[in-house]
Every structure is written in structure tokens, then in C-alpha cells.
Protein chains: 2
Amino acid sequence: MRISQLSAASGVPIPTIKYYLREGLLPAGEQTAATRAEYGEPHLRRLRLIRALLEVGRLPVASIGQIIAAVEDEDTPVHEMLGTAHYALASPVDAGPDDREHQAALTRVDELIGDMGWSIAPEAPTRDELAQVLVRLDQLGMPAGDDGLRQYADLMMRLVSELEMHKIPFDGPRETAVESLVIGTVLYGRAFDVLRRLAQESESARILGGR
Amino acid sequence: MRISQLSAASGVPIPTIKYYLREGLLPAGEQTAATRAEYGEPHLRRLRLIRALLEVGRLPVASIGQIIAAVEDEDTPVHEMLGTAHYALASPVDAGPDDREHQAALTRVDELIGDMGWSIAPEAPTRDELAQVLVRLDQLGMPAGDDGLRQYADLMMRLVSELEMHKIPFDGPRETAVESLVIGTVLYGRAFDVLRRLAQESESARILGGR
């Protein structure tokens with residue numbers, strides 16, 4: 001198809017498609033004449049991935065470039081490719097090795113990871129994210145005990161292993177696996193957050209309704 | 001204590017305290033001389049609540065004003081006061097009655113609420129938030145089936161009723177209940193999200209490690 005048809009099929013405006021081509025996010029079409037290139041199904045799928053990363057994951061274009069490089073490099077194992085996408089979804093935490101509160105919280109996070117028997121890379125940004133939440137809960141006088149943390153981790157592990165992971169098509173095309181992971185992580189994460197607040201409202205009504 | 005001491009004890013700068021006084025977020029101190037006012041424990045507690053709403057809940061000052069009005073009006077029942085705070089934490093959804101996809105998703109949300117036996121106010125913004133997520137999942141080709149949704153809702157209900165709600169001090173001062181609700185909803189929500197991503201990384205390592 002021509003670029004105008006690719007635009008119509010994907011809903012992405014032509015200037016935006018040209019920008020993705022220049023930035024290397026989208027592979028070039030097959031040149032069929034000096035001013036004409038043909039695009040196909042892989043381009044459509046790639047546009048869908050970019051849209052998911054931008055609109056659902058709210059990732060900056062630079063991070064999207066890194067993820068696409070990992071998708072395109074067939075020598076990158078699938079787990080590492082998914083890790084690149086997953087880590088790009090984390091919120092950066094500004095805490096150095098001199099931040100003693102943060103370091104103490106990181107030790108608790110590592111203990112939890114050990115207790116759960118989880119395989120987590122030492123450079124995973126999620127470790128810092130959880131440590132930051134623990135520090136803030138302490139500062140606000142609502143510390144999370146190790147027992148509570150462990151119970152929450154057990155429940156999340158059940159959610160992920162029983163309901164979530166079998167939805168990722170690990171054996172399909174690399175792009176589809178990354179897309180599912182991003183959409184699943186971000187949109188289902190949002191769904192869980194909303195369901196939790198619905199459950200809170202209902203429980204609050206039940207507890208206070210009788211008074 | 002004087003305003004300078006209140007500032008030192010709370011960590012909130014004097015000009016910010018004066019701004020909260022002007023906006024009515026903080027009650028006036030007791031005037032002890034023409035240019036001198038005394039502040040006490042309730043002012044410190046109120047500053048802690050404002051800080052939690054601003055920094056943890058990231059709420060705009062106008063929403064904080066509404067929550068504080070509900071805290072101060074002793075005629076507002078506790079459930080309604082908590083509802084005001086809870087609803088202020090929701091993300092506004094831009095979808096009108098003409099949006100057919102959204103209306104269809106709202107019907108599914110109401111069916112889920114009915115199936116769960118949840119007591120949710122008809123004006124709860126969470127209904128629109130969940131409907132929006134369902135519409136986006138559909139659009140991205142990863143629809144959430146009713147069975148899946150129900151399983152997620154069951155798990156969240158367990159989390160909330162078994163682990164979360166007993167932490168809200170419903171019988172304590174009104175401000176403390178609202179503060180716990182905001183901190184619990186926002187910071188524990190963040191903790192669950194991070195724990196879920198840790199579990200995803202570990203499960204992904206386990207599933208792909210054997211290949």
C-alpha cells in the first residue's frame with residue numbers, strides 16, 4: 001500500500017508517519033519508483049506498537065526507540081526484549097547511594113524478593129520504585145510492615161501467575177509479545193486500580209452503613 | 001505556638017502557611033495581639049492533611065478545598081466525607097451520553113457491580129474510569145472478557161476487605177480518617193502496581209528461562 005493508504009489504515013497522519021521513518025522507529029518502505037514506496041502489514045503492526053507505547057504507555061520517543069531496537073535485533077532474547085519494554089514503563093526514582101533511608105528500604109525490598117523466591121535483575125528499576133513508596137509511607141506515619149508487604153506480594157503473585165502471564169503470546173511475533181506486555185501492564189494496571197477503589201467504596205459503605 | 005514555630009514543626013514555609021490561611025484551607029489562629037496569633041495541634045494536623053493531599057494525592061488546591069469543607073462540616077456523615085476525598089482522587093473521564101462505545105462499556109461495569117453485590121453510588125466517577133479502560137482495551141484488540149473482569153474484581157475485593165479496610169481509623173478524628181484513606185489509596189496503590197511488575201518480571205524469567 002502507499003503511504004496515504006497506510007495512514008488511512010492506521011489512523012496515523014502522514015506527517016507523523018514520515019517523522020517515524022526519519023527517526024528510524026518505522027522501517028523504510030520498498031522503493032518502487034523515485035517518489036513512491038510500498039508499505040505492508042509489518043508497517044501497520046509497527047504503527048500499532050508505537051501508538052500503544054506512546055498513548056497507553058506514555059513513553060517518550062527516545063524510550064520507544066530503545067524498545068524498537070530490541071524488537072528488531074533478533075539476537076536479543078525474548079526475555080531481555082520484554083525486560084527493555086517493561087523497565088521503560090517504570091517511573092525514574094531520584095535517590096543516590098548516599099540516601100540512607102532509601103538504602104535501608106532497598107534492603108527490605110531485597111529481603112522481600114528473596115522471601116518470595118522471585119528472579120529479579122539487580123538493575124531492575126522496580127526495586128527503587130518500591131523502596132521509594134516504603135520511605136514515603138514511613139515519613140507519613142503509615143509504615144508498611146514486612147508481614148503486610150508479604151501478604152500484598154503473595155496476592156499480586158497469584159494475580160500475575162494465575163490470571164495474567166498466560167495472556168502474553170510468548171511464541172508469536174516479537175512485536176506482538178511486546179505490545180501485549182505494554183498494553184497488559186498499563187491498561188490492566190489501571191483496571192486493577194479502579195476495581196480496588198470500587199471495592200473500597202463498597203466496603204466503606206458496608207462498614208459505615210450500619211452506624 | 002507562633003507561625004514561625006508552626007512552620008518549623010510542619011516543614012511548610014511561612015508564605016505557604018499564609019496562603020493556606022487566605023484560601024481557608026487552614027483555620028485562623030487564636031489572635032493574641034494585633035500582629036500575633038497562636039496555633040496548635042489541630043493546625044499541625046491540618047497541614048499534614050494538606051501535604052498528603054497535595055504531594056501524595058496530587059490534587060489541585062480547589063479539590064483540597066472541597067475535601068476540607070467536608071472534613072470541617074460535622075453534619076457531613078463520615079461515609080460521605082470519605083466519598084468526597086475518594087472521588088477527588090479519580091481521573092476525570094471525558095465521555096458524554098452520545099458516546100455509544102462508552103455507554104455500552106458502562107452497562108458492563110454496572111453488571112459487574114451488580115454481580116459483585118457492591119454498593120456504589122450512581123454518580124461515582126470510578127464507573128466512568130473503568131468503562132474507559134474497557135473501551136481502550138477493545139480498541140487495542142485486547143478485550144477484557146466478563147469472566148476475567150470478574151476474577152480481577154474478586155481478587156481486589158479480597159485485598160480490600162481482608163488487608164486494607166481495617167487500617168482506616170473510622171472511629172478516630174475525621175481528619176485522620178481522610179488522611180489514611182488518601183495515603184492508603186494512593187501510596188498502597190503505587191505499591192501494588194510495583195509489586196505486580198516485580199511478579200511479572202519473575203514469572204517472565206521462569207517461563208522463558210527454560211527455553
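Residues numbered from 1 in each chain as written. Chains lettered and ligands numbered in written order. Predicted model: local features only at pLDDT ≥ 70, side-chain atom pairs only at ≥ 80, totals over all residues. Heavy atoms only, no water.

A few words on the overall build of chain A. Across its full length, chain A carries nine helices and two strands. Mapped from its N terminus to its C terminus, chain A presents α and β elements in the order α-α-β-β-α-α-α-α-α-α-α. In terms of overall size, chain A is more extended than a compact globule, its C-alpha atoms giving a radius of gyration of 22 Å where 211 residues would be expected to give roughly 17 Å. For chain A, the spread of C-alpha atoms along the principal axes amounts to about 75 × 45 × 30 Å. Summed over its atoms, the accessible surface of chain A is roughly 10,100 Å², and 49% of this surface lies on carbon and sulfur atoms. Looking at chain A, you have 22 positive and 32 negative side-chain charges, and the mean spots of the two groups are 8 Å apart. (Helix = DSSP H or I, 4+ residues; strand = E, 2+ residues; numbered from the N terminus. Rg over C-alpha atoms; globule rule 2.2 N^0.38 Å. Areas by Shrake-Rupley, 256 points an atom, 1.4 Å probe, with all protein chains shown as cover. Lys, Arg positive; Asp, Glu negative; His and termini not counted. Charge placed at Lys NZ, Arg CZ, Asp CG, Glu CD.)

Residues and elements named next belong to chain B. By the element assignment, Phe 170 lies in the loop between α8 (146-164) and α9 (174-209). With relative accessibility at 11%, the residue Phe 170 sits in the buried group. The spacing of Phe 170 and His 79 is 91 residues in sequence and 9.2 Å in space, taken between C-alpha atoms. (Buried < 20%, exposed > 50% of the residue type's maximum accessible area, 1.4 Å probe, protein only.)

Here the focus is the relation of the copies chain A and chain B. Of the transformation placing chain A onto chain B, the axial shift is 0.0 Å and the rotation is 180°, giving an RMSD of 0.0 Å. A rotation of that kind, with that shift, is consistent with a two-fold axis. Most of the interface of chain A is mirrored in chain B: 100% of its interface residues are interface residues there too. (Least-squares fit on C-alpha atoms with pLDDT ≥ 70 in both. Contact = heavy atoms within 4.5 Å.)

Mapped onto the elements, Leu 163 of chain B comes out in helix α8. Not counting residues up to four positions away in its chain, the partners in contact with Leu 163 of chain B are Gln 151 and Tyr 152 of chain A together with Arg 158 of chain B.

Interface size is often expressed as the accessible area that is lost when the parts come together. Listed as interface residues are 72 residues of chain A and, on the opposing side, 72 residues of chain B. Contact between chain A and chain B buries roughly 7,600 Å² in total, counting both sides, with carbon and sulfur atoms accounting for 69%. When the buried surface of chain A facing chain B is broken down by residue, Leu 140, Tyr 152 and Arg 196 of chain A rank first, second and third, together holding 11% of it. The tally of links from chain A across to chain B stands at eight salt bridges. The residue Glu 164 of chain B makes a salt bridge to Arg 196 of chain A at a minimum N-O spacing of 2.8 Å. Inspection of the chain A/chain B interface yields 30 residue pairs in polar contact (both at pLDDT 80 or more). Elements with a minimum of two residues in the side of chain A that touches chain B: α3 (41-56), α5 (78-88), α6 (100-116), α7 (125-139), α8 (146-164) and α9 (174-209) of chain A. Here the residues of the side of chain A that touches chain B sort into 42 nonpolar, 15 polar and 15 charged. (Buried area = accessible area lost by both parts, 1.4 Å probe. Salt bridge = Lys/Arg side-chain N within 4 Å of Asp/Glu carboxyl O. Polar contact = N/O pair within 3.5 Å; in protein donor to acceptor, adjacent residues only side chain to side chain. Nonpolar A, V, L, I, M, F, W, Y, C, P; charged D, E, K, R; others polar.)

Another aspect to go through is unusual backbone geometry. Residues and elements named next belong to chain A. One non-glycine residue, Arg 58, lies in positive phi territory at about 50°. Its location among the elements puts Arg 58 in the loop between α3 and α4 (61-72). Take Arg 58: its relative accessible area is 69%, and that puts it in the exposed class.

Consecutive side chains along a regular strand alternate between the two faces of the sheet. Residues and elements named next belong to chain A. Pairing of strand β1 (residues 30-33) with strand β2 (residues 36-38), which is carried by three bridges, proceeds in the antiparallel orientation. Opposite Glu 30, over in β2, you have Glu 38 as the bridge partner. Counting the residues in the hairpin turn of β1 and β2 gives two residues. (Pairing = 2+ DSSP bridges.)

To continue, consider the nonpolar core. If you look at the biggest cluster of nonpolar residues, it comprises 138 residues, and the most contacted ones within it are Trp 118, Val 178 and Leu 195 of chain A together with Trp 118, Val 178 and Leu 195 of chain B. Both domains that meet at this core, namely domain 1 (1-39) and domain 2 (88-209) of chain B, each give it at least three residues. Excluding residues that lie within four positions of it along the chain, Trp 118 of chain B makes contacts with Leu 195, Leu 198, Ala 199 and Ser 202 of chain A together with Ile 113, Ala 153 and Met 157 of chain B. (Core = buried A, V, L, I, M, F, W, Y, C linked by side-chain atoms within 4.5 Å. Domains from an automatic or database assignment.)

This next bit is on the side chain of Ser 202 of chain A. As for its position among the elements, Ser 202 of chain A is in helix α9. Beyond its immediate sequence surroundings of up to four residues, Ser 202 of chain A is in contact with Trp 118, Ser 119 and Ile 120 of chain B.

A separate point is the UniProt feature "domain: HTH merR-type" (unreviewed entry) in chain A. Under the present numbering, the feature "domain: HTH merR-type" (unreviewed entry) in UniProt falls on residues 1-70 of chain A. Across residues 1-70 of chain A one finds 63% helix and 10% strand; the C-alpha atoms that close the span lie 26 Å apart. (UniProt positions renumbered as here; feature names shortened; annotations may be inferred.)

With respect to the helices and strands, the residue Pro 143 of chain B is situated in the loop between α7 (125-139) and α8. The exposure class of Pro 143 of chain B is exposed, given its relative accessible area of 52%. Along the chain, Pro 143 of chain B and Asp 154 of chain B lie 11 residues apart, while their C-alpha atoms are 19 Å from each other. Each residue touching Pro 143 of chain B, except ones within four places of it in the same chain, is listed here: Tyr 188 of chain A together with Leu 137 and Asp 138 of chain B.

What follows concerns the packing of helix α3 (residues 41-56) of chain B against α9 of chain B. Residue and element names in this part refer to chain B. Put simply, α3 and α9 touch, their axes get as near as 10 Å, and they point 20° apart. If you check the angle between α3 and α9, you find them roughly parallel. Considering how the two elements wind past one another, α3 and α9 form a crossing that is left-handed. Of the residues in α9, those touching α3 at Arg 45, Arg 46, Arg 48, Leu 49, Ala 52, Leu 53 and Val 56 are Glu 175, Thr 176, Val 178, Glu 179, Val 182, Ile 183, Val 186 and Leu 187. (Axes fitted to C-alpha atoms, helices over the stretch in contact; angles between N-to-C directions. Parallel < 35°, antiparallel > 145°, perpendicular 65-115°, else oblique. Left-handed = near helix turned anticlockwise from the far one by under 90°.)

The next thing to look at is the packing of aromatic side chains. This structure, assessed with the given rule, holds eight aromatic pairs over all chains. Taking the centre distance of 5.6 Å and the plane angle of 70° together, the rings of Tyr 152 of chain A and Tyr 188 of chain B count as edge-to-face. With Tyr 152 of chain A in helix α8 and Tyr 188 of chain B in helix α9, this residue pair bridges two chains. Here a set of aromatic residues connected by ring pairs shows up, and it is made of Tyr 152 of chain A together with Tyr 188 and Phe 192 of chain B. (Phe/Tyr/Trp six-rings, centres within 6.5 Å; stacked < 30°, edge-to-face > 60°.)

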